[in-house]
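# Survey of secondary and tertiary structure
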Amino acid sequence: MSTLANASAIPDAHTCEQARLTRDPRFDGLFFTAVTSTRIYCRPVCPAPTAKRFTYYASAAAAEAGGYRPCLRCRPELSPGDGTWRRGDALLARALKLIEQGVLDEQPLSALAERVDIGERQLRRLFVERLGVSPMGVHGTRRLLFAKQLLTETAMPITEVALAAGFGSLRRFNAAFLDAYRMAPRDLRKQRVEVPGETLKLRLGYRPPYDFVAMLEVLRGRALPGVEVVDATSYSRVFGSSHAPGWLRVSQWPASHRLADDHALQLELHGARPSQMLEIIHRLRRMFDLDADPRAIADALGADARLRPLLKQHAGLRVPSGWDGFESAVLALIGPQRGVARARTLAARLSHHFGQPLPAPLVPGLDHLFPTPEALADADLESAGLTHACARTLRAMARALLEDHVDFKPERTLDDFTARWGALPGIGPRTAQDLALRVLGHPDAFPADDRVLRRAVPNDGSRMSTKALTARAEAWRPWRAYAVMHLWKDSMGPAKATSRASPPSTNIPVKTTLLERTPPRARQPGRRR
């Protein structure tokens, strides 16, 4: 016998029932099953025998607010987030992104409500209506589940686990954990030998299908030499400061160590302070688009005859974004000058001229931190090989970030973000949409006047007008960015991809911006026009 808690926010009872009985991983994180007799809640993929009486909840936070504890077998902390709620411009999505960034760690609920421009009571009502729990409940569950993962998968001291989860003291952490889960943190801890300086290994769950190889191909084309390394099986990068640097690597979770129905990437983390860990996890989940719901995206885009076969051909294609907004914006703006390969060369020069070198490479290929906006705002960028037009635009962008004229704040809507960035000299609306795509990973970003897209949609050698493409793409909302990725990938094709000297660039077409129009005075003397 089953019941639905907060039925408007989760799939219907029949869908939940079928997903639970078949342990369908496509629904992992979209709802949770709370067993009435044991007072434990599980993921839909839980391998435990099915119970007779249970309730479906829209979120882990709602289940915990109902008095249930997380299952120790399927581990709800490993489930991906619901991408429908956590992405896009809806008020709830923007509020959840702010919570994931830790806005409630040290600020009251009123601060969150102010940043999304809504009253505190209205915000609380919206969360209860859609998620079945208040914003503070979502925040508290997020911290405790992350602590549970660290206790289960790592040898971190419990004091550091408490700090990593956002608790100011060990006493408060112990009390909150005991109250929520009816056990002390030490009772959950695996018995293992402490290894000083050990590299942490954590699971990053996703809903299948997921094309990790395609994701790495895109990231390889955008990788910043000295700062990032992308090979055939993993992504690595440096973070932190030159005084306290760290590095991370993301790869597929080893098949020999997988749990039942385990769909996850592996994060190897070294040198991260406990206070940095939740932010790192948040960045990586956004960067690798791990909370996307392929089923909802396919339902929305599959009605278009051009996209339907592409969705079947590349079912696990996601929208990758960058680790850092400023890094990604710099690479996006200098890219159109000479193409992807040349852009990476110029980015490497910027890193070595104006970034922070590390005392010693952390791992092979990781030896620099990318320059900050402060370092580039008044720098002689032409000395690194940039044209005068490009250097002027990058300096203007750096100063605009420092003066808060533009930013990468999660509460920005797509229209607000593109309007602010499009107003900067040398950028314009199309480049602003491209920034929203590759910097924010916004699910609805859409550079409608992109030449490749305008040819890719008709697929007969003709080119659609920007107006016609924009009109057709209205039916793709709010997932237009996924349509862009599918069309870009299809436009390159296997033959074109293998013929290029730089395989990473095959998924990202070279696009034209104002930076491409180099003024005559910036041309090298004696160069033929």
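What counts, and where the lines are drawn
- Residues numbered from 1 in each chain as written.
- Predicted model: local features only at pLDDT ≥ 70, side-chain atom pairs only at ≥ 80, totals over all residues.
- Heavy atoms only, no water.
- Helix = DSSP H or I, 4+ residues; strand = E, 2+ residues; numbered from the N terminus.
- Buried < 20%, exposed > 50% of the residue type's maximum accessible area, 1.4 Å probe, protein only.
- Core = buried A, V, L, I, M, F, W, Y, C linked by side-chain atoms within 4.5 Å.
- Contact = heavy atoms within 4.5 Å.
- Salt bridge = Lys/Arg side-chain N within 4 Å of Asp/Glu carboxyl O.
- Phe/Tyr/Trp six-rings, centres within 6.5 Å; stacked < 30°, edge-to-face > 60°.
- Pairing = 2+ DSSP bridges.
- Axes fitted to C-alpha atoms, helices over the stretch in contact; angles between N-to-C directions.
- Expected span 1.5 Å × (residues − 1).
- Parallel < 35°, antiparallel > 145°, perpendicular 65-115°, else oblique.
- Left-handed = near helix turned anticlockwise from the far one by under 90°.
- Nonpolar A, V, L, I, M, F, W, Y, C, P; charged D, E, K, R; others polar.
- pLDDT = per-residue confidence, 0-100.
- Polar contact = N/O pair within 3.5 Å; in protein donor to acceptor, adjacent residues only side chain to side chain.
- Arc of directions from axis to C-beta.

### Points about the overall build of the protein
The helix and strand inventory of the protein stands at 23 helices and 12 strands. Here the protein, with 529 residues, has 55% of them falling under the buried criterion.

### Description of the nonpolar core
With 73 residues, the main nonpolar core has Leu301, Leu381, Leu386, Leu394, Met397, Trp421 and Trp476 as its most contacted residues. For methionine 397, the residues in contact, after removing those within four places along its chain, are Phe326, Ala329, Val330, Leu333, Trp421 and Leu424. The next biggest cluster of nonpolar side chains, apart from the first, holds 69 residues, and it includes Leu98, Leu104, Val133 and Phe239.

### Side note on the pattern of salt bridges
Between side chains of opposite charge, pairing is possible as soon as their charged atoms come close. The final tally for this structure, using the stated rule, is 27 salt bridges. The shortest N-O distance in the salt bridge between arginine 306 and aspartate 490 comes to 2.7 Å. Of this pair, arginine 306 sits in the loop between helix H13 (294-301) and helix H14 (308-313) while aspartate 490 is found in helix H23 (residues 480-499), placing the two residues 184 residues apart along the sequence. With relative accessibility at 11%, the residue arginine 306 sits in the buried group. Where arginine 477 meets aspartate 444, a salt bridge forms, and the shortest distance between an N and an O atom there is 2.7 Å. Note that arginine 477 is positioned in the loop between helix H22 (466-473) and H23 and aspartate 444 in the loop between helix H20 (428-440) and helix H21 (451-456), a separation of 33 residues in sequence. Residue classification places arginine 477 among the partly exposed residues on the basis of a relative accessible area of 38%.

### Details of the packing of aromatic side chains
Enumeration over the complete set of coordinates arrives at 17 aromatic pairs. Between the aromatic rings of phenylalanine 167 and phenylalanine 173, the centroid separation amounts to 5.3 Å while the plane-to-plane angle is 55°, which identifies the pairing as tilted. The class for phenylalanine 167 is buried, based on a relative accessible area of 5%. Ring geometry for tyrosine 210 and phenylalanine 212: centres 6.4 Å apart, planes at 25°, overall stacked.

### Thoughts on the environment of alanine 360
Topologically, alanine 360 is positioned in the loop between strand E11 (356-357) and strand E12 (368-369). C-alpha of alanine 360 to C-alpha of serine 242: the two residues are 118 residues apart in sequence and 9.8 Å apart in space.

### Quick look at the sheet that holds strand E8 (residues 234-240)
Read across the sheet, five strands follow the order E6-E10-E9-E8-E7 without closing on themselves; strand pairing throughout is antiparallel. At either margin of the open sheet sits one strand with a lone partner, and together these are strand E6 (200-205) and strand E7 (228-230). Averaged over neighbouring strand pairs, the angle between their axes works out to 20° when direction is ignored. Here strand E9 (residues 245-252) pairs with strand E10 (residues 264-270) via six bridges, running antiparallel. Paired with valine 250 across the two strands is leucine 267, which belongs to E10. The strands touched by helix H12 (residues 277-287) are E6, E7, E8, E9 and E10; relative to E6, the strand with the most contacts, the crossing angle is about 40°.

### Structural notes on helix H16 (residues 340-354)
In an α-helix, one turn spans 3.6 residues; hence positions three or four apart end up facing the same way. With 15 residues, H16 should cover 21 Å at 1.5 Å per step; its first-to-last C-alpha distance of 21 Å lies within 8% of that length. Buried residues of H16: Val340, Ala343, Leu346, Ala347, Ala348, Leu350, Ser351 and Phe354, and no others.

### Describing the packing of helix H19 (residues 414-422) against H20
The relative placement of two packed helices is expressed as an angle between their axes plus a distance between the axes. The geometry of H19 relative to H20 is characterised by a closest axis approach of 8 Å and an angle of 125° between their N-to-C directions. When the axis of H19 is compared with that of H20, the two are oblique. For the pair H19 and H20, the crossing hand works out as right-handed. Across the interface between the two elements, Leu414, Phe417, Thr418, Trp421 and Gly422 from H19 touch Gly428, Pro429, Ala432, Gln433, Leu435, Ala436 and Leu440 from H20. Residues of the contact of H19 with H20, tallied by class, amount to eight nonpolar, four polar and no charged.

### Concerning the confidence of the model for the protein
A residue-level look at the protein finds 88% of positions with pLDDT of 70 or above and a mean pLDDT of 87. The low-confidence segment residues 191-196, where pLDDT is below 50, has six contacts with residues more than four positions distant or belonging to other chains. The low-confidence segment residues 495-529 (pLDDT under 50) makes 60 contacts with residues lying over four places distant or belonging to another chain.

### As for the side chain of serine 491
Within the secondary structure, serine 491 sits in helix H23. Looking at serine 491, its side chain comes within polar contact range of the main-chain oxygen of tryptophan 488, at 2.6 Å.

### Brief notes about the pairing of E6
Along E6, five of the six residues are buried, which leaves the element largely enclosed by surrounding structure. Relative to E10, E6 is paired through six bridges, and the arrangement is antiparallel. Bridged to leucine 202 within E10 is leucine 267.

### Quick notes on unusual backbone geometry
In this chain, proline 208 is followed by proline 209 through a cis amide linkage whose omega measures 0°. With respect to the helices and strands, proline 209 occurs in the loop between E6 and helix H11 (212-222). The omega torsion of the bond from arginine 477 to proline 478 falls at 0°, within 30 degrees of zero and hence cis. Position of proline 478 relative to the elements: it lies in the loop between H22 and H23. With a phi close to 60°, arginine 182 is a non-glycine residue in the positive phi region. Relative to the helices and strands, arginine 182 resides in the loop between helix H9 (170-181) and helix H10 (185-188). Residue classification places arginine 182 among the exposed positions, given a relative accessible area of 57%.

### Describing H9
Its 12 residues give H9 an end-to-end C-alpha distance of 16 Å, which sits within 8% of 16 Å, the value for a rise of 1.5 Å per residue. Looking only at H9, the buried set comprises Phe173, Phe177 and Tyr181. Viewed along the axis of H9, the buried residues span an arc of 25°, placing them on a single side of the element. Structural note: H9 exposes Arg171 and Asp179 on the side pointing more than 90 degrees away from its buried face. Buried residues in H9 make contact with helix H2 (60-65), strand E5 (69-70), helix H7 (135-153), helix H8 (158-164) and H10.

### Describing the environment of alanine 332
Along the polypeptide, alanine 332 turns up in helix H15 (residues 325-338). What makes alanine 332 buried here is its relative accessible area of 6%. Sequence spacing of alanine 332 and alanine 343 is 11 residues, and the spatial spacing of their C-alpha atoms is 8.3 Å. When near neighbours in sequence (up to four residues on either side) are disregarded, alanine 332 contacts Asp434, Leu435 and Arg438.

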